[in-house]
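# Notes for the structure review
The lines below spell out each chain.
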Number of protein chains: 2
Amino acid sequence: MSKKSGRLPTPEPADVVVPCCPPLTAGELSEADAERMAGMFKALSDPVRLRLFSRIASHPGGEACVCDIADVGVSQPTVSHHLKKLREAGLLTSERRGTWVYYAVAPSVLAALSATLAPRVAP
Amino acid sequence: MSKKSGRLPTPEPADVVVPCCPPLTAGELSEADAERMAGMFKALSDPVRLRLFSRIASHPGGEACVCDIADVGVSQPTVSHHLKKLREAGLLTSERRGTWVYYAVAPSVLAALSATLAPRVAP
C-alpha cells in the first residue's frame with residue numbers, strides 16, 4: 001500500500017552514503033577502514049534488521065514505505081530502531097513524502113560492500 | 001616466517017564451510033537464512049577481527065600461520081579468541097601443520113557473502 005505524492009523528495013540529514021572500502025583480500029585494512037566496515041557489518045548482524053533490509057532491497061523499485069515492511073513480528077518502535085541503525089550505518093537512505101517515510105538501499109554502498117568481500121582472483 | 005612441513009593437512013573439527021545465502025535483493029530472507037547471515041556479519045563486526053581476517057585473506061597463498069598475523073596490537077589470547085569466532089562463523093578454515101596452525105579464508109564463503117550483497121541488476 002505504497003502512498004506516493006508527486007512532491008520532490010526531501011532528503012533527511014542522515015542520508016549520507018559512506019564510500020567504502022578496499023577488498024579484504026587486497027591487503028591489511030587500515031584501522032580507519034576496519035572501524036568503518038565493522039560498523040556496517042555490525043548493522044547487518046541482527047536477524048530482524050537483516051530481514052527488514054532484505055524487504056527494502058527486494059521491494060519493487062528498490063525502496064519501501066515503512067508501512068510496507070513493518071510486519072516482521074516485532075513492535076513498531078523496534079522496527080524504527082532497526083531502521084535508524086541501518087540508516088546511521090549508511091546502508092539505507094530515507095526520505096519523507098507526505099505522511100510516510102520511504103527507505104531505499106544505497107546501491108553504491110551495497111556494491112562497495114560486495115566488492116569488499118569478493119574473493120581474490122587467482123593470478 | 002611461515003613454517004610448513006610436508007605433512008598432509010589434518011582438518012580440525014570446526015572446519016565447516018557453511019553454504020550461504022540468497023541475495024538480499026532477491027526477496028525477503030527466511031528467518032533461518034537471516035539467522036545464519038547475521039552470525040557471519042556479527043563475526044565481521046569487530047575492527048580487530050576484520051583486520052586479522054584481511055591479513056589472512058591478503059596473505060600470499062590465501063592462508064597464514066598464526067605466527068604471521070598476531071601483531072595487531074592485542075594480546076595472543078585475544079587473537080586466538082577472534083580467530084575462533086571467525087572459524088565458528090564458517091569464515092575461516094584452520095589446519096595444524098607441525099607446531100603451527102594455519103588459517104585460510106574459505107573462498108566459497110567469501111564468494112557467497114559477496115553475492116549476497118550484490119546490488120540488484122536493473123531490469
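Residues numbered from 1 in each chain as written. Chains lettered and ligands numbered in written order. Predicted model: local features only at pLDDT ≥ 70, side-chain atom pairs only at ≥ 80, totals over all residues. Heavy atoms only, no water.

As annotated in an unreviewed UniProt entry, chain A carries the name Metalloregulator ArsR/SmtB family transcription factor and is attributed to Streptomyces chisholmiae.

### Observations concerning the overall build of chain A
Put simply, the rule reads: Counting from the N terminus, the helices are DSSP H or I runs at least four residues long and the strands are E runs at least two residues long. We call a residue buried when its accessible area falls under 20% of the maximum for its residue type, exposed when it is over 50%, and partly exposed in between, using a 1.4 Å probe and counting protein chains only. Should any heavy atoms of two residues lie within 4.5 Å, those residues are counted as being in contact. Per-residue and other accessible areas were derived by the Shrake-Rupley procedure at a 1.4 Å probe size, with only the shown protein chains allowed to occlude residues.
A count of helical and extended segments in chain A gives five helices and four strands. Helices (α) and strands (β) of chain A occur, in sequence order from the N terminus, as β-α-α-β-α-α-β-β-α. Counting only residues that meet the buried cut, chain A has 49% of its 123 residues in that class. Within chain A, contacts between residues separated by at least 24 positions form 60% of all contacts whose residues are at least 6 apart in sequence. Of the accessible surface of chain A, which amounts to about 5800 Å², a share of 59% is contributed by carbon and sulfur atoms.

### Remarks on the environment of A:L24
Along the chain, A:L24 falls in the loop between β1 (10-11) and α1 (31-43). The exposure class of A:L24 is buried, given its relative accessible area of 0%. Counting along the chain gives 10 residues from A:L24 to A:A34, while the straight-line C-alpha distance between them is 9.7 Å. Leave out the neighbours within four places in its chain, and A:L24 touches A:L29, A:M37, A:T116, A:L117, B:L50, B:F53, B:S54, B:A57 and B:S58.

### With respect to the interface of chain A and chain B
Note on interface size: it is often stated as the accessible area lost on association of the parts. Definition in use: In this description, buried area is defined as the sum, over both parts, of the accessible area (probe of 1.4 Å) that is lost when the two are combined. Any carboxyl oxygen of Asp or Glu within 4 Å of a side-chain nitrogen of Lys or Arg constitutes a salt bridge here.
Taken together, the 38 residues of chain A in the interface contact 38 residues of chain B. Both sides together, the interface formed by chain A and chain B hides about 3000 Å², and carbon and sulfur atoms give 67% of it. Across the contact surface, chain A and chain B share four salt bridges. Its salt-bridge partner being B:E28, residue A:R55 comes within 3.0 Å of it at the nearest N-O pair.

### Topic: the pairing of strand β3 (residues 92-97) of chain B
Residues and elements named next belong to chain B. Rules: At least two bridges found by DSSP between two strands is the condition for calling them paired.
Bridge count for β3 against strand β4 (residues 100-105) is six bridges, and the pairing is antiparallel. What sits directly across from S94, in β4, is Y103. Counting the residues between successive antiparallel strands, the hairpin from β3 to β4 contains two residues, one of them, G98, with a positive phi of roughly 65°.

### Focus: a positive patch on the surface
Keep this limit in mind: Patch membership needs two things, relative accessible area over 30% and no salt bridge, and members are linked within 9 Å if like-charged or within 5 Å if nonpolar (Val, Leu, Ile, Met, Phe, Trp, Tyr). The positive count covers Lys and Arg only, the negative count covers Asp and Glu only, and His and the chain ends enter neither. A single reference atom marks each charge: NZ on Lys, CZ on Arg, CG on Asp, CD on Glu.
Together, A:K42, A:K85, B:K42 and B:K85 give the surface a local cluster of positive charge. Along the chain, B:K85 falls in helix α4 (residues 76-88).

### Description of the UniProt feature "transmembrane region" (unreviewed entry) in chain A
What counts, and what does not: UniProt positions are given in the numbering used here, feature names are shortened, and annotations may be inferred rather than shown by experiment.
Under the UniProt annotation, "transmembrane region" (unreviewed entry) lies at residues 100-118 of chain A. In this annotation, residues 100-118 of chain A is assigned 58% helix and 32% strand; the end-to-end C-alpha distance for the span is 36 Å.

### Some thoughts on the nonpolar core
Condition: Here, nonpolar core means buried Ala, Val, Leu, Ile, Met, Phe, Trp, Tyr and Cys residues that are tied together by side-chain atoms lying within 4.5 Å of each other.
Within the largest apolar cluster, 69 residues are counted, with the highest numbers of intra-cluster contacts made by A:L44, A:F53, A:L91, B:L44, B:F53 and B:L91. Those residues in contact with A:L44, other than ones at most four positions away along the chain, are A:L50, A:F53, A:L86, A:L91, A:L113, B:A38, B:F41 and B:L117.

### Some details on the relation of the copies chain A and chain B
Note the threshold: Overlaid copies result from least-squares superposition on C-alpha atoms, with residues included only where pLDDT is at least 70 in both.
Placing chain A over chain B gives an RMSD of 0.0 Å and needs a rotation angle of 180°, together with 0.0 Å of translation along the axis. Taken together, the rotation and translation describe the operation of a two-fold axis. When C-alpha distances to the rotation axis are compared across chain A, the minimum falls at A:S114, with a value of 2.2 Å.

### Focus: the confidence of the model for chain A
Filter applied, for reference: The predictor reports its confidence for every residue as pLDDT, a score running from 0 up to 100.
Residues of chain A with pLDDT of at least 70 account for 80%, and the chain-wide mean is 79. Scored below 50 in pLDDT, residues 1-18 of chain A shows 35 contacts in the model against residues more than four places distant or in partner chains.

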